Amino acid sequence: MEANLPAIWAALIGVSVVLYVIMDGFDLGVGILFPFTRDERERDQMMNSVAPFWDGNETWLVLGGGGLWVAFPAAYAIIMPALYVPIIVMLLALIFRGVAFEFRWAAKPDHSLWDIAFAGGSAVAAFAQGVVLGGLLNGITVENGAFAGGPFDWFSPFAIACGLGLVAGYALLGATWLNMRVSGDLEVRARRWAKTLLLVVLGFVLIVSVWTPLQYERIAARWFTWPNILYLSPVPVLTALLAAAVWTTLEKERPFAPFAGSVGLFVLSFFGLAVSQFPYLVPDQLTVFDAAAAPESQMFLLVGTLALLPVILGYTIFVYWTFRGRVRPGEGYH
Amino acid sequence: MDLDPVLLARIQFAFTISFHIIFPAFTIGLSAWIATLLGLSLWKRDPFYRDLAGFWTKIFAVSFAMGVVSGIVLTYQFGTNWSRFSLAVGNVVGPLIGYEVLTAFFLEASFLGIMLFGRDRVSPGLHFASAVIVAIGTVISAFWILSANSWMQFPTGHEIRDGIAYPVDWMQVIFSPTFPWRFAHMVIAAYITTGFVVLAVGARWWLRGKHVREAETMLRMALGILVVLTPLQLVVGDFHGLNTLEHQPAKIAGLEAHWENHGGSVPLVAFAIPDETAETNRFELAIPYLGSLILTHDLYGQIPGLKEFPRENRPPVLPIFVSFRVMVGIGLLMILLAVIGSVRWARGRLFQPGVVMRVFAMTWPLGFVAVLAGWITTEMGRQPWVVTGFLRTADAMSPIGATQILVSLVLFVLVYAAIFVSGGYYINRLLEKGPVPRGPDHDPRPLRPMSAAHDAGRVALHAGE
């Protein structure tokens, strides 16, 4: 059991990150799409469609960050200073868009600044998260178990591409969410946005999939050697099939399927990245086994996590169920 | 640039955490207050309480949002600015924060959605339950974060190998000796803080003759809880002080500006300007015996003086000497105010215009200032250690340059200032406007005029179902 703890924790943090990316992804995506309508009523609907959930969604980010600290303090202590700039930018952006949920209503009718804060904050937070991912994949300079690089080491065309890719990806989740959760003209336009975004996202997925094995022999070896290539070949095939399914269900104006399909695309992309990186937390430097916290610490929190996670998922589902269905115009406590 | 990165990182942490603590200090009490009102509305079957709860929920929502976003910053700041701290104590402090996320953050965040938006979607009973859960969640959150902080103040239940702390006994880690009093002190402080906000808003409305029934309810309920909690806080604070003397004597010596014992008893320094270089107090005004009496509950009790600690292990004296006096002074003022109000209430003279009511209307900042002063005292009083006896603050930093920290500090100050000014403005505007009755039970009438037509259509549709 003790020997497996780091792998179990890596899996748990992976699950938190995936849940975060999907759940905060759609509400950040709704923010990213804010500028594409100028109608106040439509913006109200968009915001109301995510307002009861955003705070819970963002908590997964705290669990992901906190979990990394608890389970892999050595990695946390390297990654955070190395990606200082994009992380601070992300936090500042999250502040703006988070308070905008309340301030925008409180400010009405003079809320245009908070529209900008909500849209801008969402887009910048998404971009910064992509840059964090790209910067991490690019590698970090480590000496004696500590970060030893400069403040802008993370900057690279690849990291910028990851940032843009994640903005598009979140916007896709947001658009398919709106397709499911709003009605009228906005719903129709959400489907149009989703189609365009699907193509953009596929473009970025392709770029990352080609770029990483070309740049890193380790990743190429993982994917293109026998028998891995056999086991892993379903990943790109499934991605293509899912993308096609999202497209056709959008054509057929299905409410749920496009969103589910987009979530599937995210899960597959994450799986692909995990396959490329495992067991590294800091590529080529630190594995989950090197970075692991004391087994007694990992164990202590694991017990609580395994007991509490089902409860958390239970009431999260309950909240989503409570607010199911399309947004009723004018709904809210404001 | 020749700036000290440690100093900058400390300023950044002090700034972001001071900004953050204002909101939990308010929302812990506010959620309990809202839950109480919703409970009353169920019990008395009076929509008056529900509407009042609805009003305070709006204030809560704005404050909670600011608390959430400023709290996320802190979780990440441990890593960005204090990576050596994260590494050295991650095994011990990390799981406590982990449990805070698992047992409190998710609970609060999820049921907050129902509390804010669920009034028409769930039954009144479930709505009330959600408010209770949020209120409990805020206290659970305080439990874990104060547990982590208390461990840093006086660590127990661990061992140190190669400069890294490892847990040995989790019960001793979680319930370290300074934790129970610190936890009680903070939770009571949060309830008192909210109590004075409710009292002040009630007085403000009452003086203007607006929302008079609401105002009188708020004044009575606030006074009722304050007259119990403010004296209780004095007692709890006293025990917290005794506890600190036992475990962190240098902090007590510092906040009392007590340099050395001269035999006999320890006086209480009421006023002075401590001079750390000369190791003495200037312009000292001291009250004989009182120091011994308060700190040891004995007229001749002795406490260690600052000179008994090596210079490099002493906290900065002046700031904690001042902040401690600010906190205690406000605490005593609060007791006075609560007692005056209660006496007037008992004599049936509470609801009269006059000085008392006008003073009440100005009391809303008291709790916030006291909470900040208290935290400054305990955190600066722990210096030069980040974890007492184990890790010095100067050794806890990330290997990053001063420029990055300076730039991010400036950004945090600008952003927080903008958020704080706007949030304060909106909260004040909501308070000015006051509660808007929502009409008969669960009438889903439009909340904003713009959506009236739309809603009418929906109601018509539903009628046809």
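Treat the numbers as computed from the prediction; the structure is a model and nothing was measured.

Asker: Would you take a moment to explain a nonpolar patch on the surface for this structure?
Answerer: All names here are of chain B. A contiguous nonpolar patch, built from Phe271, Ile273, Phe283, Leu285, Leu318, Val322, Val326 and Val369 and spanning about 710 Å² of accessible area, is present on the exposed surface. Broken down by element, the nonpolar patch gets its largest block of residues, three residues, from helix α10 (residues 317-346). By secondary structure assignment, the location of phenylalanine 283 is in strand β4 (residues 280-287). Overall, phenylalanine 283 belongs to the exposed group, its relative accessible area being 62%.

Asker: Quick question: what am I supposed to make of the interface of chain A and chain B here?
Answerer: Note on interface size: it is often stated as the accessible area lost on association of the parts. Residue-level contacts link 71 residues of chain A with 74 residues of chain B. Contact between chain A and chain B buries roughly 7,000 Å² in total, counting both sides, with carbon and sulfur atoms accounting for 73%. The tally of links from chain A across to chain B stands at zero salt bridges. At the boundary of chain A and chain B, one finds 16 residue pairs in polar contact (both at pLDDT 80 or more). At the level of secondary structure, the elements contributing two or more residues to the side of chain A that touches chain B comprise α2 (40-50), α3 (54-71), α4 (73-82), α5 (84-107), β2 (146-147) and α13 (295-322) of chain A.

Asker: Honestly, the pattern of salt bridges in this entry has me stumped. Any pointers?
Answerer: Side chains that differ in sign of charge can pair as their charged atoms come close. If you walk through the whole model with that rule in mind, you get 26 salt bridges over all chains. Of the charged contacts in the structure, one is a salt bridge between A:Lys195 and A:Glu251, with a shortest N-O distance of 2.8 Å. Residue A:Lys195 is found in helix α8 (residues 185-215), and its partner A:Glu251 is found in helix α11 (residues 234-251); the two are separated by 56 residues along the sequence. By relative accessible area, A:Lys195 is classed as partly exposed at 22%. Given the relative accessible area of 48%, A:Glu251 is considered partly exposed. Between B:Asp51 and B:Arg50 there is a salt bridge; the shortest N-O distance is 3.6 Å.

Asker: Any chance you could explain the packing of helix α1 (residues 5-44) of chain B against helix α13 (residues 402-433) of chain B here in plain terms?
Answerer: Helix-helix packing is characterised by the crossing angle of the two axes and by the distance between the axes. Residue and element names in this part refer to chain B. Running from N to C, α1 and α13 point in directions that differ by 20°, and their axes come no closer than 9 Å. For the element pair α1 / α13, the angle class is roughly parallel. As α1 packs across α13, the resulting crossing turns out to be left-handed. Contact residues: Pro5, Leu8, Ala9, Ile11, Gln12, Phe15, Thr16, Phe19, Ile22 and Phe23 in α1; Ala402, Ile405, Leu406, Ser408, Leu409, Phe412, Val413, Tyr416, Ile419 and Phe420 in α13. When its residues are assigned to classes, the contact of α1 with α13 shows 17 nonpolar, three polar and no charged.

Asker: Would you explain the confidence of the model for chain B in this entry?
Answerer: Averaged over all residues, the pLDDT of chain B equals 86, while 93% of them reach at least 70. Segment residues 440-465 of chain B: pLDDT under 50, and 31 contacts once partners within four positions in sequence are set aside and those in other chains are kept.

Analysis parameters
- Residues numbered from 1 in each chain as written.
- Chains lettered and ligands numbered in written order.
- Predicted model: local features only at pLDDT ≥ 70, side-chain atom pairs only at ≥ 80, totals over all residues.
- Heavy atoms only, no water.
- Patch = residues over 30% accessible without salt bridge, like charges linked within 9 Å, V, L, I, M, F, W, Y side chains within 5 Å.
- Areas by Shrake-Rupley, 256 points an atom, 1.4 Å probe, with all protein chains shown as cover.
- Salt bridge = Lys/Arg side-chain N within 4 Å of Asp/Glu carboxyl O.
- Helix = DSSP H or I, 4+ residues; strand = E, 2+ residues; numbered from the N terminus.
- Buried < 20%, exposed > 50% of the residue type's maximum accessible area, 1.4 Å probe, protein only.
- Contact = heavy atoms within 4.5 Å.
- Buried area = accessible area lost by both parts, 1.4 Å probe.
- Polar contact = N/O pair within 3.5 Å; in protein donor to acceptor, adjacent residues only side chain to side chain.
- Axes fitted to C-alpha atoms, helices over the stretch in contact; angles between N-to-C directions.
- Parallel < 35°, antiparallel > 145°, perpendicular 65-115°, else oblique.
- Left-handed = near helix turned anticlockwise from the far one by under 90°.
- Nonpolar A, V, L, I, M, F, W, Y, C, P; charged D, E, K, R; others polar.
- pLDDT = per-residue confidence, 0-100.

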